[in-house]
Amino acid sequence: MSAPLRPRPADPPGSAAPGFPATSRVLTVGVVGAGRVGAVLGAALVTAGHRVVAVTGDSGASRARLALLLPEVPRRPAAAVAHAAADLLLIAVPDDALAGVVADLAHRGALRPGQVVAHTSGAHGLTVLGPAAEVGARPLALHPAMTFTGTPDDLARLAGISYGVTAPAELRPLAARLVADLGGVPEWVAESDRPLYHAALAHGANHLVTLVNEATDRLRDAGVARPEKVLAPLLRAALENALRLGDDALTGPVSRGDAGTVQRHLARLAATAPESVPAYLALARRTADRAIAAGRLRPVDAQSLLGVLADTAREVAA
């Protein structure tokens, strides 16, 4: 089991990043964005012994999160937070808003040389922090590979998670230190690979939620009163097997080439929930491809199945 978050020990001599004294254990931090991620990471930094001195957050939801997670930290406008963040400014805003926030702070003169400006976006690397770098701030991409609720329960989930980190070489020691302080493990992601890294996480986590809810809805359509009770043990086992065994964990009618079963699935879905048919088709075809590539489904046994999928796809497109 992973260790809980805890105050970090003193840095060994020579381990600090340039600009941060080796004897300093505490960073002065500001957080722009009191969404689910920003509020939780701010609280985690406080737990690790750092000083969060200011945070933005004007919506009712943001104020509620801050009351739970950072009750002693004053709320300020973004420029004031940036000014107060002597060592580290953490920007935790939606992906599409990030560039505008960084450019505005740089334009206002709120950023300074030597200050580390980090964002928590998985989709972006260092390029989006260009305006900050132009004024001498040091850019850092620090994305926690975790889903957040914005409650204190999230703090326990941080222990042992991975962080997708993109950093200049001279900032890697500080990045590694921050991730360690948060109880995590760094995964060094190249700038050019950030979109692929984020696509993989979104495909796995966000689409999983959609898939589980689709299955839940179809079980209700089938008359199952408590679909979550039916799905929970099955999905937990499937996830654990997939993580442990890869494509060898594949089971079910597609991996067996049971074309008749899949055809009946599609016919009933078309009658009951036609909006689910395209997703079923796409996933079934990709499952068949992987089963064939893994040697779990012989191409000759897949022919009828692939024909059913292709015929239905044409019908949907017509």
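Quick look at the structure, then. The structure presented is a predicted model; accordingly, all values stated were derived computationally and were not measured.

This part covers the overall build of the protein chain. Per the secondary structure count, the protein chain includes 13 helices and 7 strands. Principal axes of the C-alpha set define a box for the protein chain whose edges measure 70 × 40 × 40 Å. Evaluated residue by residue, the protein chain yields a buried proportion of 39% over its 318 residues. Considering only residue pairs separated by 6 or more positions, the protein chain has 62% of its internal contacts joining residues 24 or more positions apart. Carbon and sulfur atoms form 58% of the exposed surface of the protein chain, whose accessible area is close to 16400 Å².

Residues Leu45, Leu140, Leu158, Tyr163 and Val165 are the most contacted members of the largest nonpolar core, which totals 34 residues. Tallying contributions element by element places helix α1 (residues 36-47) first for this core, with 6 residues. In this view, leucine 140 contacts Val116, Val117, Ala118, His119, Leu126, Leu129, Val165, Thr166, Ala167, Leu171, Ala175 and Leu178; residues no more than four positions away in its chain are not counted.

Quick look at empty space enclosed by the protein now. Inspection of every chain in the model, using the stated rule, returns 1 cavity of 30 Å³ or more. Taken as a whole, the largest cavity spans an internal volume of roughly 30 Å³. Forming the walls of the largest cavity are Leu45, Leu88, Leu90, Leu142, Leu178 and Leu182. Classifying every residue of the lining of the largest cavity by side-chain character gives 6 nonpolar, no polar and no charged.

To continue, consider the pairing of strand β2 (residues 51-55). The sheet contact formed by strand β1 (residues 28-32) and β2 spans 4 bridges and is parallel. Opposite threonine 28, over in β2, you have arginine 51 as the bridge partner. Handedness of the β-α-β unit built from β1, α1 and β2 comes out right-handed.

Calculation rules
Residues numbered from 1 in each chain as written. Predicted model: local features only at pLDDT ≥ 70, side-chain atom pairs only at ≥ 80, totals over all residues. Heavy atoms only, no water. Helix = DSSP H or I, 4+ residues; strand = E, 2+ residues; numbered from the N terminus. Buried < 20%, exposed > 50% of the residue type's maximum accessible area, 1.4 Å probe, protein only. Contact = heavy atoms within 4.5 Å. Areas by Shrake-Rupley, 256 points an atom, 1.4 Å probe, with all protein chains shown as cover. Core = buried A, V, L, I, M, F, W, Y, C linked by side-chain atoms within 4.5 Å. 1 Å grid on protein atoms, 1.4 Å probe; cavity = no way out; pocket = protein on both sides within 12 Å on 5 of 7 lines; lining within 4 Å. Points joined across faces, edges and corners; volume = space filled by probe spheres on them. Nonpolar A, V, L, I, M, F, W, Y, C, P; charged D, E, K, R; others polar. Pairing = 2+ DSSP bridges. Right-handed = clockwise from strand over helix to strand, strands pointing away.

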